[in-house]
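Reading the structure
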Amino acid sequence: MSESFQLDGEDIPYTPGQTVLQAALSAGRYIPHLCYHPEFKPHGSCKVCTVKIASGKSQRTAASCTLPAQPGLEIESDSDEMNELRRTLVQMLFAEGNHFCPSCEKSGNCALQALGSDLGVMTAGFRHFYPDRPVDASHPDILLDFNRCILCELCVRASCEVDEKCVFALSGRGITKHLVVNAASGQLADTDIALIDKAMQVCPVGVILTKRVGFAEPIGERRYDQRPISAQALDDAPRAATGKGRCTSCEE
Ligand code: SF4
Ligand code: FES
């Protein structure tokens, strides 16, 4: 018999080595997340997957994407308190970048937008920073708009671990942390990135874009037009028992 823990009062079975988020998704229970991708080691940066853990009389919070599943854990996730914290995190991400959805070609296919919608984020919440990071249009086929980066590091992981090119990196600390291109010139045109690279598929927002194909999908047919991100994530989650599921973020 497999081990289990409790998530919002429900028994969630897990296999050794799974995190709480992986076990929950495998069991058909959604925990909101942004920087987690089933094909990569958890990064733990967005904190949207934060849950509350009861242990005796004490309580603590932790990112469920890096929290190892253990027997007897009592976890609270889908509560007003946890979802309010997630709304605040989403508002902070919107405030830090230039996420003007009406003019963004990723609209309808964007995980940040879809998560905000799913969580019921109705207001800005914070004064916007309006960053002014120059776009990199140097590459003939690929455009980078750094003003939408949520620093999830998925492109960094994909480019190094899958493509073996390490085209991207994060640089700086705190509010100065930002995405950079690994070339002496800092320009994408001076890397060997290619349209077929994994790094081209994983960006959950509208930073890494293919030129000349924007706004190709009609409204109503985009990834999150008909299925909310919660349902989409469960559709996509790897399920050991059924063999169903595929990559949660890629848009093949
Ligand atoms: S460019 Fe996209 S994938 Fe890369 S760190 Fe920024 S948001 Fe994440
Ligand atoms: S999904 Fe867990 S910290 Fe981002």
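Keep in mind the model is a prediction, meaning the values are calculated, not measured.

Rules and cut-offs
Counting restarts for each chain: residues are numbered from 1 in the order of the written sequence. Here the convention is simple: chains get letters from A, ligands get numbers from 1, in the order in which they are written. Residues qualify for local features only when their pLDDT is at least 70, as the model is predicted, and side-chain atom pairs are given and counted only at 80 or more; totals for whole chains, interfaces and linings, by contrast, use all residues. Derived side-chain values reflect all non-hydrogen atoms in the structure, with water molecules and hydrogen atoms excluded from consideration. Labels follow the DSSP assignment, with helices taken as runs of H or I lasting at least four residues and strands as runs of E lasting at least two, numbered in each case from the N terminus. To get the radius of gyration, use the C-alpha atoms; to get the globule rule, take the number of residues to the power 0.38 and multiply by 2.2 Å. The contact criterion used throughout is that any non-hydrogen atoms of two residues lie within 4.5 Å. Only the protein chains shown count as cover for residues, and all accessible areas are computed by the Shrake-Rupley method using a 1.4 Å probe. We count Lys and Arg on the positive side and Asp and Glu on the negative side, and we leave His and both chain ends out. The location of each charge is read from NZ of Lys, CZ of Arg, CG of Asp or CD of Glu. Pairing between two strands requires that DSSP report at least two bridges joining them. Axes here refer to lines fitted to C-alpha atoms; in helices the fit is confined to the stretch in contact. Angles between the N-to-C directions go from 0 to 180 degrees. The buried label applies to any residue whose accessible area, calculated with a 1.4 Å probe on protein chains only, is under 20% of its type's maximum; exposed applies above 50%, and partly exposed to all values in between. Salt bridges, as used here, are contacts in which a Lys or Arg side-chain nitrogen is within 4 Å of a carboxyl oxygen on Asp or Glu. For this analysis, a polar contact is any N or O atom pair within 3.5 Å, provided that within protein one partner can donate a hydrogen and the other can accept it, and provided that sequence-adjacent residues contribute only side-chain to side-chain pairs.

Moving on, we get to the overall build of the protein chain. Counting its secondary structure elements, the protein chain contains 6 helices and 9 strands. Whereas a compact globule of 252 residues would reach a radius of gyration of roughly 18 Å, the protein chain reaches 19 Å, a difference of no more than 12%. Taken over the C-alpha atoms alone, the protein chain extends approximately 55 × 40 × 40 Å along its principal axes. The long-range share in the protein chain, meaning contacts at least 24 apart out of those at least 6 apart in sequence, stands at 62%. Accessible surface computed for the protein chain: about 12700 Å², of which carbon and sulfur atoms make up 52%. Separation of charge centres in the protein chain, based on 25 positive and 32 negative side chains, amounts to 3 Å.

Next up on the list: the sheet that holds strand β2 (residues 10–14). Pairing between sheet strands relies on hydrogen bonds along the backbone, with the strands arranged either parallel or antiparallel. Spatially, β2-β1-β5-β3-β4 is the arrangement adopted by the 5 strands of the open sheet, whose pairing is mixed. Of all the strands in the sheet, just β2 and β4 (58–63) have a single pairing partner and so form its edges. Going from strand to strand, the sheet's axes swing by 35° on average, the running direction of each strand aside. Relative to strand β5 (residues 74–76), strand β3 (residues 50–55) is paired through 3 bridges, and the arrangement is antiparallel. Bridge assignment links I53 to a residue of β5, and that residue is I75. With respect to the sheet, helix α2 (residues 80–96) is in contact with β3, β4 and β5, its orientation differing from that of β3 by roughly 145°.

With that settled, the discussion passes to the side chain of D163. Examined against the element boundaries, D163 turns out to sit in the loop between α4 (154–162) and β7 (168–171). Despite its burial, D163 pairs with no opposite charge, the nearest such side chain being K165 at 6.2 Å. A polar side-chain atom of D163 sits 2.8 Å from the main-chain amide nitrogen of K198. There is a polar contact of 3.0 Å between the side chain of D163 and the backbone nitrogen of A199.

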